[in-house]
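Commentary on secondary and tertiary structure
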Amino acid sequence: MAEFFDLVVIGAGPAGISAALTASDAGLHVAVVEEHFSPGGQVWRGADGPAARMWRRLPGVTAREASRFLTRFRHSDIRFFSQARAWEITSSGQVLVTDVNGNSFTLTSRKIVLATGAQERTVPFRGWTLPGVMTVGAGQILLKSSGVVPREPIWLAGQGPLIALYAVQLLAAGGSIAGILQTGAPVSWVRVLQTLPEAIWQCPGQIGKGLVRLAKIRLRRVRIFRDVEKIEALGSGKLEAVSFTDRKGITHHVDAAVLMVHEGLIPGVHPVLAAGGRLEWDETELCFRPILDEWGESTVPGLFVAGDAARIGGADAALYSGALAALRVAMQTGHAEEKALARKIRFHRKRFRQAMALRPLVTTLSRLRLEQLSPADDVMICRCESVNAGTICRASLTGSGMPDQVKAFTRTGMGACQGRQCALPLSVLLASTHNKSIAELGLFRVRAPFKPLKLGELASLSHESDIQ
Amino acid sequence: MTVNFFRSPFAPPTNIRVMVDGQTVLALAGESVAAILLRTCDGPTGHDHAGRPRAPYCMMGICFECVAIVDGAASVRTCLIPARDGMNIQRQNGPYPLPDISCQGQAKRNG
Ligand code: FES
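Now for a quick tour of the structure. (Residues numbered from 1 in each chain as written. Chains lettered and ligands numbered in written order. Predicted model: local features only at pLDDT ≥ 70, side-chain atom pairs only at ≥ 80, totals over all residues. Heavy atoms only, no water.)

Let us now look at the sheet that holds strand S13 (residues 229-234) of chain A. All names here are of chain A. Judged by pairing direction, the sheet is antiparallel, and its three strands sit side by side in the order S13-S14-S15 without closing on themselves. In this open sheet, the two strands that pair with only one neighbour each are S13 and strand S15 (251-255). The sheet shows a mean angle of 15° between the axes of neighbouring strands, taken without regard to direction. For strand S14 (residues 241-245) and S15, the ladder comprises five bridges, and the chain directions are antiparallel. What sits directly across from Phe244, in S15, is His252. (Pairing = 2+ DSSP bridges. Helix = DSSP H or I, 4+ residues; strand = E, 2+ residues; numbered from the N terminus. Axes fitted to C-alpha atoms, helices over the stretch in contact; angles between N-to-C directions.)

With that settled, the discussion passes to the sheet that holds strand S16 (residues 258-263) of chain A. All names here are of chain A. Ordered by their spatial adjacency, five strands build an open sheet running S8-S16-S10-S11-S12, and the pairing between neighbours is parallel. Two strands in the sheet have a free side with no partner beyond their single neighbour: strand S8 (133-135) and strand S12 (223-225). Averaged over neighbouring strand pairs, the angle between their axes works out to 20° when direction is ignored. As paired strands, strand S11 (residues 179-182) and S12 are joined by three bridges and run parallel to one another. Note on S12: the bridge partner recorded for Gly179 is Arg223. Set on the sheet, helix H5 (residues 161-172) makes contact with strand S10 (154-159), S11 and S16; between it and S10 the angle comes to about 155°. (Contact = heavy atoms within 4.5 Å.)

Take the pattern of salt bridges next. Side chains that differ in charge, positive against negative, can pair when their charged atoms come close. All names here are of chain A. Applying the stated criterion to the full structure yields 24 salt bridges over all chains. Notably, a salt bridge pairs Asp6 with Arg110, separated by 3.4 Å at the nearest N-O pair. Residue Asp6 is found in strand S1 (residues 3-10), and its partner Arg110 is found in strand S6 (residues 104-114); the two are separated by 104 residues along the sequence. Accessibility expressed as a relative area gives 13% for Asp6, which makes it buried. According to the relative accessible area criterion, Arg110 is partly exposed, its value standing at 46%. (Salt bridge = Lys/Arg side-chain N within 4 Å of Asp/Glu carboxyl O. Buried < 20%, exposed > 50% of the residue type's maximum accessible area, 1.4 Å probe, protein only.)

Residue and element names in this part refer to chain A. Running from N to C, helix H12 (residues 389-397) and helix H14 (residues 423-434) point in directions that differ by 55°, and their axes come no closer than 10 Å. The orientation of H12 with respect to H14, classified from their angle, is oblique. Seen from above, H12 lies across H14 with right-handed handedness. In this structure, H12 contributes Ala389, Ile392, Cys393, Ser396 and Leu397 to the contact, and H14 contributes Leu426, Leu429, Leu430, Thr433 and His434. When grouped by side-chain class, the residues that make up the contact of H12 with H14 number seven nonpolar, three polar and no charged. (Parallel < 35°, antiparallel > 145°, perpendicular 65-115°, else oblique. Left-handed = near helix turned anticlockwise from the far one by under 90°. Nonpolar A, V, L, I, M, F, W, Y, C, P; charged D, E, K, R; others polar.)

All names here are of chain A. Buried residues dominate helix H4 (residues 136-146), accounting for eleven of its eleven residues. The complete set of buried residues in H4 reads Val136, Gly137, Ala138, Gly139, Gln140, Ile141, Leu142, Leu143, Lys144, Ser145 and Ser146. A positive phi of about 65° marks Gly147, the residue just after H4.

A few words on the interface of chain A and chain B. Contacts between the two partners involve 50 residues from chain A and, on the opposite side, 44 residues from chain B. Counting across the interface, chain A meets chain B through three salt bridges. Remark: the boundary between chain A and chain B carries 17 residue pairs in polar contact (both at pLDDT 80 or more). Looking at the side of chain A that touches chain B, the elements that each hand over two or more residues are helix H2 (52-57), strand S7 (118-120), S8, H4, strand S9 (148-150) and S16 of chain A. If you tally residues by element for the side of chain A that touches chain B, the top one is H4 of chain A, at five residues. Split by residue class, the side of chain A that touches chain B holds 26 nonpolar, 14 polar and ten charged. Where S9 of chain A lies against strand S1 (residues 5-7) of chain B, three bridges are found, and the strand directions are antiparallel. Within S1 of chain B, the residue paired with Val148 of chain A across the bridge is Arg7 of chain B. (Polar contact = N/O pair within 3.5 Å; in protein donor to acceptor, adjacent residues only side chain to side chain.)

Residue and element names in this part refer to chain A. Membership of the largest hydrophobic core comes to 100 residues, with the highest contact counts inside it found for Val9, Leu156, Leu181, Ile231, Val242, Phe244 and Leu259. Aside from chain neighbours lying at most four places away, what touches Ile231 is Phe125, Arg126, Ala157, Leu181, Thr183, Val242, Ser243, Phe244 and Leu259. In terms of nonpolar packing, the next biggest core, distinct from the first, is built from 56 residues, Phe105, Cys422, Ala423 and Phe444 among them. (Core = buried A, V, L, I, M, F, W, Y, C linked by side-chain atoms within 4.5 Å.)

This next bit is on the packing of aromatic side chains. Residue and element names in this part refer to chain A. Tallied over the entire structure, the rule returns nine aromatic pairs over all chains. Ring geometry for Trp44 versus Phe69: centroids 5.7 Å apart, planes at 20°, classification stacked. With Trp44 in the loop between strand S2 (30-33) and H2 and Phe69 in helix H3 (residues 63-74), the pair connects residues that are 25 residues apart, well separated along the chain. We note that Trp44, like Phe69, is buried. With a centroid separation of 6.4 Å and 80° between ring planes, the pair formed by Tyr320 and Phe347 is classed as edge-to-face. (Phe/Tyr/Trp six-rings, centres within 6.5 Å; stacked < 30°, edge-to-face > 60°.)

Turning next to unusual backbone geometry. With an omega of -10°, the peptide bond between Glu152 of chain A and Pro153 of chain A qualifies as cis. In this structure, Pro153 of chain A sits in the loop between S9 and S10. Residue Pro449 of chain A follows Ala448 of chain A across a cis peptide bond; omega there is -5°. The topology assignment puts Pro449 of chain A in the loop between helix H15 (438-441) and helix H16 (455-459). Look at Asp71 of chain B: it is not a glycine, yet its phi comes out positive at around 45°.

A few words on the side chain of Ser18 of chain A. Residues and elements named next belong to chain A. Within the secondary structure, Ser18 is located in helix H1 (residues 14-25). For Ser18, the side chain forms a polar contact with the main-chain oxygen of Leu319, separated by 2.5 Å. Look past the residues within four positions of Ser18 in its chain and what remains in contact with it is Leu319, Gly322 and Ala323.

To continue, consider the pairing of strand S19 (residues 287-290) of chain A. Residues and elements named next belong to chain A. Across the two faces of S19 the burial is the same, with Cys287 and Arg289 and Phe288 and Pro290 all buried. In terms of strand pairing, strand S18 (residues 279-282) meets S19 through four bridges, oriented antiparallel. Counted as the bridge partner of Asp282 is Cys287 from S19. Joining the antiparallel neighbours S18 and S19 is a turn of four residues, in which Leu286 adopts a positive phi near 50°.

The subject of this paragraph is the environment of Ser396 of chain A. Residue and element names in this part refer to chain A. Here Ser396 lies in helix H12. Exposure remark for Ser396: the relative accessible area of 0% places this residue in the buried category. In this structure Ser396 touches Gly401, Val406, Leu430, Thr433 and His434, once residues within four positions along its chain are discounted. Reaching out from Ser396, the side chain makes a polar contact with the backbone oxygen of Cys393 at a distance of 2.8 Å.

Below, the structure written as structure tokens:
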């Protein structure tokens, strides 16, 4: 049986929870669909997990905010579908979902908010599929949700604020770090001077916290290598060593049990693409993001995107953008008038702008070198189907060189992750091979089901659901 | 055998038992099954369809590198599954096992 809602929110992180609560407060009948077994997204992951007591003591966690929102969410009358995969959004506003037992059902909704969050930018390098290599985000989730830390020697590589955050959390949880390998483009100090005043003015606390983290890492005498290039993970069957070149061009070869990589966050765009929404290329953030109006409504009417899935801004920005989308939905569905909401709208807009004020400084301090995305021929681009860069380049020369065709020729992006990891590296690689702009190439097409679906799960859709 | 992950000294004590490839493993109720695999397996927590060693990469449901057979269900993303007492976890190596839906299989089941 299809169930009817005023609003279906996909994703129960800060943006999704904030959107759901705001809409529910305005009197809308709301459902939230979440893949994970508990709400909170990756930021609040662990807040009500089995290691919650340890979690609350980790540096950088926002325990009070998490418990405030999660408690309100739990006590609301919002329908919460946890461990549920949304895999199709139809043009008539139906969301097709499969639960953990493999039963599929339809939620019919007047409006939809996608709050599916960010993902870590994939930057393939030699050996990145070896067990022992994982992302920094993965390491942080392991720690927060399960209280698990890596064995020494641990190397962290990449750029962006998450590395320093995880480093101090790992140190606080009894881990140690062999070294940090900083990649990325040289910092433009002119840009720093341009972006710093606004950041200090709007987010002094955040900058203070960042400096404290760096000082803590220094104090523990973690080795830091700057302007690192040519990182390789080595080992047979699992990671055993890491090699890299430092700023002087000297090649190092170090023992490693675990290598964690992080090259920044990008919006996860698969759901919005599958629903027919259009994307644009963001040259400063070096990622695709959905084209949205000031409320977060996409090019598909009635389909909103909020939080990091819309634009990377972190948890605070996500809370406000989620609320703004929900307020707009409340107006569109006739639950509130713009005049009555004017104060709330002004408040959330102002806070959203404040939260985003840090971002220009962050992207100035941590920016990808585009060459990092042009790996050698033998580097695997598509982990799922084991397709390397050389195969992709050769295949692209025999045809149009467009992502969809290369996907068909080589199976890049046809594996279990449905191209979530290789879509961007593929387009960047094709752009550089064919001297085209990434914006013009776009990403390959994404269709429903935008999460893998077993045939039995599809067959279990009830007949009354009447999909159009 | 050296595993690459262990429990933080500040993590709460284990309170359940699960099976990993037939071996009993102590675990924490509600930790992710992927976390158990990481601190039980020496390196690979599974192998892809071409037989290459793999292990959880993203821990947030994106990469599908953590798939395993949990209580008989194949190809589930273990980073999204909370551990429960008595859970039976098997590493998935090579092509995903398909259920037996042949006529003989049906006949066998129906007696
Ligand atoms: S570790 Fe990536 S999907 Fe589970």
